[in-house]
Amino acid sequence: MAALSEFRVLRPASAVDAVRLRGEHPASRFIAGGTDLVPNLRRGLVSTDIVIDLGNVGEMREVQRSGDTLRLGAGVTLATLAADPTVRASLPALAQAALCVAGPTHRTAATLGGNLCLETRCQYFNQSESWRQGNNYCMKLAGDTCRVAPKSSRCYAAFSGDVAPALLALGAEVELLGPQGIRRLPLAELYVDDGMRWLALGADELLFAVTVPLVAGRVSGYEKLRMRGAIDFPLAGVAAALTRDGEAIGELRIACTGVSSRPEFVGGLDALAGQPLDAAAFATIERQIKRTIQPMETTTVSVPYRRRATPVLAKRLVGRLWDEAKRR
Amino acid sequence: MKTLLTLSVNGRPREDAVAGNALLIDYLRDTLGLTGTKQGCDGGECGACTVLVDGEPRLACCTLAHSVAERSIETIEGLSHEGNLSRLQRAFHEHLGSQCGFCTPGMVMAAEALLRRNPQPSRDEIREALAGNLCRCTGYVKIIESVEAAACGSEVPA
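Since the model is a prediction, treat every value here as computed from it, not as a measurement.

Points about the interface of chain A and chain B
The interface is formed by 27 residues belonging to chain A together with 26 residues belonging to chain B. In total, chain A and chain B occlude about 2,100 Å² of area from one another, counting both sides; carbon and sulfur atoms represent 58% of this. By the criterion of area lost to chain B, the three top residues of chain A are A:Arg42, A:Thr105 and A:Thr108, representing 25% of everything that side buries. On the surface where chain A and chain B come into contact, there are one salt bridge. We note a salt bridge from A:Arg43 to B:Glu45, for which the minimum N-O separation is 3.5 Å. Linking chain A with chain B are six residue pairs in polar contact (both at pLDDT 80 or more). Broken down by secondary-structure element, the contributors of at least two residues to the side of chain A that touches chain B are β1 (8-10), α2 (37-42), β3 (50-53) and α6 (104-107) of chain A. Its residues assigned to classes, the side of chain A that touches chain B shows 12 nonpolar, eight polar and seven charged.

Right under this line is the structure:
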């Protein structure tokens, strides 16, 4: 892999200082664990003159529970998240998703915020410079055509973070810190369906924290399809959160990853509330997921397979959670 | 531009002038000459460069040297004591956990972190802890047996 280009590292001690430095240096990049950014810098997929290291910002590594809300600093590592007792007991989808990311040596460094802001991925983009040059580049970097959809005017690189769908299913909000202070928005509004500009994050904003409601009686989980049991990014990932009223569905929330340029919350499931989890309900789940997702040739694994496998993952997961909710 | 980096490597405090864009693996191998840490895939996919940062396994090829300032780094060179292999290193030697040897420093460091956290891991826990480390010789069975041997403390001749 190529050597890193020349850049300076700034190490602010507070989030406010980090945002100020970002405003002063528009071409800079934030770095936390570095497990996504460093390989991308080395492949020449991203470039920067100044790296703002968030490693000294202790306030971003805090986990706080207040009442029925858990607040997670964006700098909490995925290993910490997966081992946190409150997360494991009340937000299992989040613990399972964090544990599914890459391998254990990545998760000790990789952070919640980094996984939520993960660079979108594509088999035509995540390659060496010589490979991309031989293919005359692509729209996401140095080219003008999307290789997976050549007639399209947009890029279809896939969002491949595991944690985002879990947090969408759990109804999380994000706190963004900018020069004017903090603004909060639902996690779904952080994302845009575009492989090149997938984050609605201002140029001088920092993803500071995530808040997740703790809902009594809710069960949740995450299922991931990948080539190997570790290291790999998802070919498809599904998170679900469910409550049960006796033999009827109370609430069902599903979100997917790896099958679109943003993590997708699956709409149209509200009508299932009050209904039994029967064949008709499973058919509705399958139909709504297929309406929502748009897998493209961003991986070497075929599009029809990922399109068929995603609702299968969801139905298995919902069936498992349904039984789990009954035992409660 | 080089700036001063202060940290501890294998228990020894250090101060070195290091470029902002230097990776931890380059600092260890090129500046300090600690070539036991291997450069494998060079993109965070194989685990050959695993070192310990404050006791936690980290990938030196994905870590900027300056991001571990003031931290304590341990490499494979720090495990032996006065020329004697550590218990884990001896177990890898006696149980044939090393074939070509290229993945071995990373495997040993990842396993070392596991055994400090969990001195009696199950076979599944060992497999999970080493899930980010690839062996191109595919000698996984012997590697796991080596970690098990070190964990259960079976007497291995020095």
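A look at the pairing of strand β4 (residues 56-59) of chain B
On any regular strand, side chains alternate: one points to one face of the sheet, the next to the other face. Residue and element names in this part refer to chain B. Pairing of strand β3 (residues 50-53) with β4 involves four bridges; the strand directions are antiparallel. Paired with Val-53 across the strands is Glu-56, a residue of β4. The antiparallel pairing of β3 with β4 creates a hairpin that spans two residues between the two strands, and Asp-54 there sits at a positive phi of about 50 degrees.

Structural notes on helix α1 (residues 24-31) of chain B
In an α-helix there are 3.6 residues to a turn, and that puts residues three or four apart on one side. Residue and element names in this part refer to chain B. Within the sequence span of α1, burial applies to Leu-24, Ile-25, Tyr-27 and Leu-28. Buried residues along α1 cover an arc of 165 degrees about the axis, so they all sit on one side. Structurally, α1 contributes buried residues whose contacts are with β1 (2-9), β2 (12-19), β3 and β5 (72-74). Just beyond α1, the residue with positive phi is Gly-33, at close to 70 degrees.

A closer look at the domain arrangement of chain B
All names here are of chain B. Assigned domains within chain B: domain 1 (2-78) and domain 2 (87-152). Measuring from the centre of the C-alpha atoms in domain 1 to the corresponding centre in domain 2 gives 21 Å. Facing the 15 residues of domain 1 at the interface are 13 residues of domain 2. Between domain 1 and domain 2, roughly 1,100 Å² of surface is buried when both sides are summed, and carbon and sulfur atoms account for 64% of that area. When the buried area of domain 1 at its contact with domain 2 is split by residue, Thr-50, Leu-52 and Ile-76 rank highest and sum to 38% of it. Where domain 1 packs against domain 2, one counts one salt bridge.

Remarks on the environment of B:Cys137
Residue and element names in this part refer to chain B. Tracing the sequence through the fold places Cys-137 in the loop between α4 (123-129) and α5 (140-152). Separated by 34 residues in the primary sequence, Cys-137 and Cys-103 place their C-alpha atoms 9.1 Å from one another. Filtering out sequence-adjacent residues up to four positions away, Cys-137 remains in contact with Gln-99 and Cys-100.

The rules behind each value
- Residues numbered from 1 in each chain as written.
- Chains lettered and ligands numbered in written order.
- Predicted model: local features only at pLDDT ≥ 70, side-chain atom pairs only at ≥ 80, totals over all residues.
- Heavy atoms only, no water.
- Contact = heavy atoms within 4.5 Å.
- Buried area = accessible area lost by both parts, 1.4 Å probe.
- Salt bridge = Lys/Arg side-chain N within 4 Å of Asp/Glu carboxyl O.
- Polar contact = N/O pair within 3.5 Å; in protein donor to acceptor, adjacent residues only side chain to side chain.
- Helix = DSSP H or I, 4+ residues; strand = E, 2+ residues; numbered from the N terminus.
- Nonpolar A, V, L, I, M, F, W, Y, C, P; charged D, E, K, R; others polar.
- Pairing = 2+ DSSP bridges.
- Buried < 20%, exposed > 50% of the residue type's maximum accessible area, 1.4 Å probe, protein only.
- Arc of directions from axis to C-beta.
- Domains from an automatic or database assignment.

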